[in-house]
Amino acid sequence: YSKCRENMAAPMAWKRLVFSVYTPAFSWFFTRVTDRFFRTRERRRGSTVLLLAPLLAEADSGPLASSRPPGFTGVEGLHSRFQWMADHVPAFRVPGGRIRILHSPDEFYQTMKVRIKTAKSRVVMASLYLGTGPLEQDLVDCMEEALERSQEDHVPDLKVSFLLDYTRGSRGKHNSRTMLLPLLQRFPEQMRVSLYHTPDLRGLLRLLVPERFNETIGVQHIKAYLFDNSLIISGANLSDSYFTNRQDRYVLLEDCEEVADFFAELVGAVGDVSLQLHPDNSVHMMEGMVHPYKGNRAEFSASAQRRIMEVVNTARVRQSMLECSDILDSDRTVPNDTWIIPLVQMKPLGIHLDEQVTQRLLIEAGGDSVVYLTSGYFNLTRTYMQLVLGAAADYRILMASPEVNGFFGAKGVAGAIPEAYVHLARQFYNKVCQLGQQSRVHLHEYHRPNWTFHAKGLWYYVGGRDRPCLTLIGSPNFGYRSVHRDLEAQIAIATENEELQMQLQQVGLPLSMIFITSAICKISIFL
């Protein structure tokens, strides 16, 4: 482990994280409550889970069953290698030329503004929250212009739908809700704002957890932005730093109607089981829906699972039928050389498709494979960590250096979070060293002056190829919260399109990295 981190990764004063916010009596009680919620093995450290989500018990679900023969390491066609995904989740075939990687926060922001202004039928925005600054207001103004233009027709066709998290979107007097209320008041027939509330934040816990920390119990974390039949999938929220100097990833799927329909239906399904914002700033559940924290916990989760899985299963069956038909013509001028596979993870609702697919990808990464993995908050679950340490593939793992962590320099308890992630990285690297895996598993840090780092994802190389054939992009961080607490969605892009593979390989601004492994290795720019 590099000496440059030894001083920063001094033994963690976990109690300092708690007692800087709570009194001893409250801290003890809060710890006991959160222990029960998160099934930690160390009861005295239960409250730190809310901020850091340390490595806990293994996931309940196993990977999807493999149909490949034991010891298989050959490089076969894309269809046969990843066909197993289509057996369990929807798989959409599209031309790789319709997929474009966006390079910067500003390009992400400007693309959204242009797409909103030109949208004809629908704008769907799913995010953790909407910020309250001038850039966010410009985004709202673009929506107002689009809605005004649509009303020039006798029958306005444009519908705008927002899905945000209730706790984060309601924080403070000026918040996501107040940003959107003018649109909701002016265009009530065309505007919908849904606020998801986790069923785990209820009762006494809901009363006691301070506003700033209640979102750590579980949030709506999907980041999908849809304009007519085009979709941006990302890990970025709708906030000024994500539009300026916070490094993330963004993929634009252009004119992919079936994929856009799926995400519109998915966001709509989550919206149906969420609280609905009304023009007077009140919130109510749709008629017939179970309330997330006032109603029965099991009933809410069961009804939400049915509603969401109806979307997933319907799309899977429909795509399977298309795959078996002559609609996908191999002689077409523009080949469908790329699969888009949406992966959903909503463990509080009993949905764990992303977890199962990710586990199998890690299991099947053989000795001929290289896996690049990145997370803004490095904290692999125990299961993912064991799969990485027990795999044959080479791993290159990129994380945020403390200086580019979004919590760096924060006041109070939040200011200790970057140091805690260094501690978790040290723990993981110690295991790598104990197993003698330093030549196979490499850890790197992202560092860029005056920027923060929020990118997450996976790149999959097979057979010694110098370009990835598959990537994962979306909201999950591969950590405990992403797997167990939050609502997440990402897509797997599996492609034979060489130009798209080149984009996946070479996209991104130059990165300045600090190697924190003892081995010196060269890492490709893979953002």
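If you're wondering where the values come from, they're calculated on a predicted model, not measured in any experiment.

With that settled, the discussion passes to the sheet that holds strand 4 (residues 159–165). Read from one edge of the open sheet, 9 strands run 2-9-7-6-3-4-5-10-11, paired in mixed fashion. Edge positions in the sheet fall to strand 2 (99–102) and strand 11 (283–284), since each has one partner strand and no second. Bridge analysis of strand 2 against strand 9 (residues 250–253) gives 4 bridges, and the strand direction is antiparallel. From the neighbouring strand, Ile101 faces strand 9, where its bridge partner is Val251. Of the strands in this sheet, strand 3 (122–126), strand 4, strand 5 (191–196), strand 6 (224–227), strand 7 (230–234), strand 9 and strand 10 (275–277) are in contact with helix 11 (residues 257–272), which crosses strand 3 at around 60°.

Nonpolar side chains in soluble globular proteins tend to be buried together. Ranked by internal contacts, the top residues of the largest apolar core, which has 90 residues, are Phe82, Met85, Phe263, Met346, Phe428 and Leu470. At 9 residues, helix 11 tops the list of elements feeding residues into this core. Sequence-distant contacts of Phe82, that is, excluding residues within four places in its chain, are made with Trp339, Leu361, Tyr460, Cys469, Leu470 and Ala494. Counting 45 residues, the second largest nonpolar core, distinct from the first, contains Ala146, Leu158, Tyr166 and Phe227.

Tallying each qualifying case throughout the model produces 15 salt bridges. A salt bridge links Asp200 to Arg297, with the shortest nitrogen-to-oxygen separation between them at 2.9 Å. Taken together, the residues span a long stretch of sequence, with Asp200 in the loop between strand 5 and helix 9 (203–208) and Arg297 in helix 12 (residues 297–324) at a distance of 97 residues. For Lys347, the salt bridge goes to Glu355, with nearest N and O atoms at 3.2 Å. Since its relative accessible area comes to 14%, Lys347 is described here as buried.

A few words now on the pairing of strand 19 (residues 470–474). Each regular strand displays side chains that alternate between the two surfaces of the sheet. With 5 of its 5 residues buried, strand 19 lies for the most part within the structure. Where strand 18 (residues 457–461) and strand 19 come together, 3 bridges link them in antiparallel fashion. Each residue of the ladder has a partner; that of Tyr460, found in strand 19, is Leu470. The sheet contact formed by strand 19 and strand 20 (residues 488–495) spans 5 bridges and is antiparallel. The partner of Ile473 across the bridge, within strand 20, is Ile491.

Parameters at a glance
- Residue positions are counted from 1 within each chain, in the order its sequence is given.
- At least 70 in pLDDT is required for a residue's local features to be given in this predicted model, at least 80 for side-chain atom pairs to be given and counted, and no such filter applies to totals for whole chains, interfaces and linings, which use all residues.
- Note that water and hydrogens are dropped before the side-chain values are worked out from all heavy atoms of the structure.
- Strands qualify as paired when DSSP identifies two bridges or more between them.
- Numbering goes from the N terminus for both helices and strands, where a helix is a DSSP run of H or I of at least four residues and a strand is a run of E of at least two.
- Pairs of residues are marked as contacts when any of their non-hydrogen atoms sit within 4.5 Å.
- Lines are fitted to the C-alpha atoms to define the axes, a helix being fitted only along its stretch in contact, and any angle between axes, read from their N-to-C directions, falls within 0 to 180 degrees.
- Residues belong to one nonpolar core when they are buried, are Ala, Val, Leu, Ile, Met, Phe, Trp, Tyr or Cys, and are joined through side-chain atoms within 4.5 Å.
- Accessibility here uses a 1.4 Å probe with only protein chains present; expressed as a share of the type maximum, an area under 20% marks a residue as buried, one over 50% as exposed, and anything in between as partly exposed.
- Within this document, salt bridges are pairs made up of a side-chain nitrogen of Lys or Arg and a carboxyl oxygen of Asp or Glu, the two lying within 4 Å of each other.

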